[in-house]
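Topology and contacts: notes
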Amino acid sequence: MEDRERRTYEFLDGLGVPYEKYEHEPIMTIDAAAELDKKMGLEICKNLFLSTRHGTEFYLLLMAGSKKFNTGKVSKQINVPRMTFAGDGYMLEYLDIRPGSVSPLGLINDRDNRVSLLIDSDVLEMEKIAVHPCVNTATLVIRMKDLTERILPACSHTYTRVIV
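Everything quoted here is computed from the prediction, not taken from an experiment.

Turning our eyes to something else, we now look at the pattern of salt bridges. In the structure shown here, the tally under the stated rule is eleven salt bridges. Of the charged contacts in the structure, one is a salt bridge between Lys-67 and Asp-122, with a shortest N-O distance of 2.7 Å. Here Asp-122 lies in helix α5 (residues 121-124) and Lys-67 lies in the loop between β3 (58-64) and α3 (71-77), a separation of 55 residues in the sequence. You can call Asp-122 partly exposed: its relative accessible area is 39%.

Structure below.
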């Protein structure tokens with residue numbers, strides 16, 4: 001088990017946040033997660049690591065896996081210039097995660113609050129969500145309420161509701 005994954009479990013366990021863990025082969029795309037979705041009985045969330053065009057502000061967008069991302073629509077809602085996908089180096093530096101493993105649980109590692117979390121309104125309505133524990137060889141099912149009311153405050157983060 002990688003250190004980043006171990007730290008994630010220790011953080012959740014320390015907060016007393018319950019989770020269901022599913023181990024699997026590496027999943028790099030939402031399409032590859034279709035079989036796991038059936039097994040879990042819910043749709044895995046899509047997590048996009050974004051930045052402003054000049055790379056001065058960084059965002060993690062949590063949205064339903066089946067939705068399409070519209071850069072302009074989300075940019076307007078948060079009043080920033082057009083967004084783009086952020087470089088992998090920033091992802092590793094700020095969230096200690098690699099491509100294919102992007103997760104709101106990576107905010108545990110963002111001690112300087114360099115990354116702002118955006119959550120699609122449809123995801124906020126979900127009772128449970130499926131996210132990676134900072135690696136793409138496992139998926140955790142957690143309650144949305146635990147993410148917003150326990151996990152984010154414990155790692156000094158908030159979120160902004162958006163409509164994707």
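Let us keep going from here.
With that settled, the discussion passes to the sheet that holds strand β6 (residues 128-131). Strands in a sheet are paired, the pairing made by backbone hydrogen bonds, and the direction either parallel or antiparallel. Judged by pairing direction, the sheet is antiparallel, and its three strands sit side by side in the order β1-β7-β6 without closing on themselves. Of all strands in the sheet, those bounded by a partner on one side alone are β1 (20-23) and β6. Strand after strand, the sheet turns through a mean of 20° between neighbouring axes, direction not considered. Bridging between β1 and strand β7 (residues 138-143) involves four bridges; their strand directions are antiparallel. Counterpart to Tyr-22 in the pairing with β7 is Thr-139. Along the sheet, helix α1 (residues 3-15) contacts β1 and β7; its crossing angle with β7, the most-contacted strand, is approximately 20°. The sheet contacts of helix α6 (residues 144-154) involve β6 and β7, and relative to β7 the element is tilted by about 80°.

This brings us to the side chain of Thr-52. Residue placement: Thr-52 occurs in strand β2 (residues 45-52). The exposure class assigned to Thr-52 is buried, which follows from its relative accessible area of 4%. Of note is the side chain of Thr-52, whose polar atom sits 3.2 Å from the side chain of Thr-56.

The rules behind each value
- Residues numbered from 1 in each chain as written.
- Predicted model: local features only at pLDDT ≥ 70, side-chain atom pairs only at ≥ 80, totals over all residues.
- Heavy atoms only, no water.
- Salt bridge = Lys/Arg side-chain N within 4 Å of Asp/Glu carboxyl O.
- Helix = DSSP H or I, 4+ residues; strand = E, 2+ residues; numbered from the N terminus.
- Buried < 20%, exposed > 50% of the residue type's maximum accessible area, 1.4 Å probe, protein only.
- Pairing = 2+ DSSP bridges.
- Axes fitted to C-alpha atoms, helices over the stretch in contact; angles between N-to-C directions.
- Contact = heavy atoms within 4.5 Å.
- Polar contact = N/O pair within 3.5 Å; in protein donor to acceptor, adjacent residues only side chain to side chain.

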